[in-house]
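Structural features, examined
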Amino acid sequence: MKKKTVWFEVAENESIDDCLKRMQAEGYMPTGRREEPMFQEVNGEIVPIRQIIQFKGTYISE
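Here is a short report on the structure shown in this document. Note that the structure is predicted; figures quoted are calculated from it, not measured.

**Here's the deal with the overall build of the protein chain**
- Looking only at helices and strands, the protein chain has 1 helix and 3 strands in total.
- Reading the protein chain from its N end, one meets helices and strands in the order β-α-β-β.
- Its C-alpha atoms give the protein chain a radius of gyration of 15 Å, clearly above 11 Å, the size a compact globule of 62 residues would have.
- Across its three principal axes, the protein chain shows a C-alpha extent of roughly 55 × 20 × 15 Å.
- The buried share of the protein chain, reckoned over its 62 residues, is 19%.
- Partitioning the intrachain contacts of the protein chain with sequence separation of at least 6 by distance along the chain shows that 56% fall at a separation of at least 24.
- On the protein chain, roughly 4,900 Å² of surface is accessible, and the fraction owed to carbon and sulfur atoms is 50%.
- Between the averaged position of the 9 positive side-chain charges in the protein chain and that of its 11 negative side-chain charges there is a distance of 10 Å.

**Side note on the sheet that holds strand β3 (residues 45-59)**
- The 3 strands lie next to each other as β1-β3-β2, forming an open sheet whose pairing is antiparallel. Two strands in the sheet have a free side with no partner beyond their single neighbour: β1 (5-9) and β2 (28-42). Here the strands of the sheet are splayed against their neighbours by 25° on average, with no regard to which way each runs.
- Bridge count between β1 and β3: 5 bridges; the pairing is antiparallel. Opposite Phe8, over in β3, you have Phe55 as the bridge partner.

**Considerations on the side chain of Gln54**
- By secondary structure assignment, the location of Gln54 is in strand β3.
- Taking relative accessible area as the criterion, Gln54 reaches 13% and is therefore assigned buried.
- Side chain to side chain, Gln54 and Glu9 meet in a polar contact 3.4 Å long.
- The contact partners of Gln54, leaving out residues within four places of it in the chain, are Trp7, Phe8, Glu9, Gly32, Arg33 and Arg34.

Thresholds, definitions, all that
Residues numbered from 1 in each chain as written. Predicted model: local features only at pLDDT ≥ 70, side-chain atom pairs only at ≥ 80, totals over all residues. Heavy atoms only, no water. Helix = DSSP H or I, 4+ residues; strand = E, 2+ residues; numbered from the N terminus. Rg over C-alpha atoms; globule rule 2.2 N^0.38 Å. Buried < 20%, exposed > 50% of the residue type's maximum accessible area, 1.4 Å probe, protein only. Contact = heavy atoms within 4.5 Å. Areas by Shrake-Rupley, 256 points an atom, 1.4 Å probe, with all protein chains shown as cover. Lys, Arg positive; Asp, Glu negative; His and termini not counted. Charge placed at Lys NZ, Arg CZ, Asp CG, Glu CD. Pairing = 2+ DSSP bridges. Axes fitted to C-alpha atoms, helices over the stretch in contact; angles between N-to-C directions. Polar contact = N/O pair within 3.5 Å; in protein donor to acceptor, adjacent residues only side chain to side chain.

Keep in mind these values describe shape, not function.
So this is what it looks like as structure tokens:
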């Protein structure tokens, strides 16, 4: 039995569309989205590196 909700993270080398297709292949439908920035300290200054994107997937019962 699968979990009812799972968070899927868009990988660094993956597009948002690829992540959504992966969710659908595993039997989940996107029902939420959250984003948070990832930072790194460079020469004492904090700079943004990339955006972390996650989708909340709800299991599609058949």
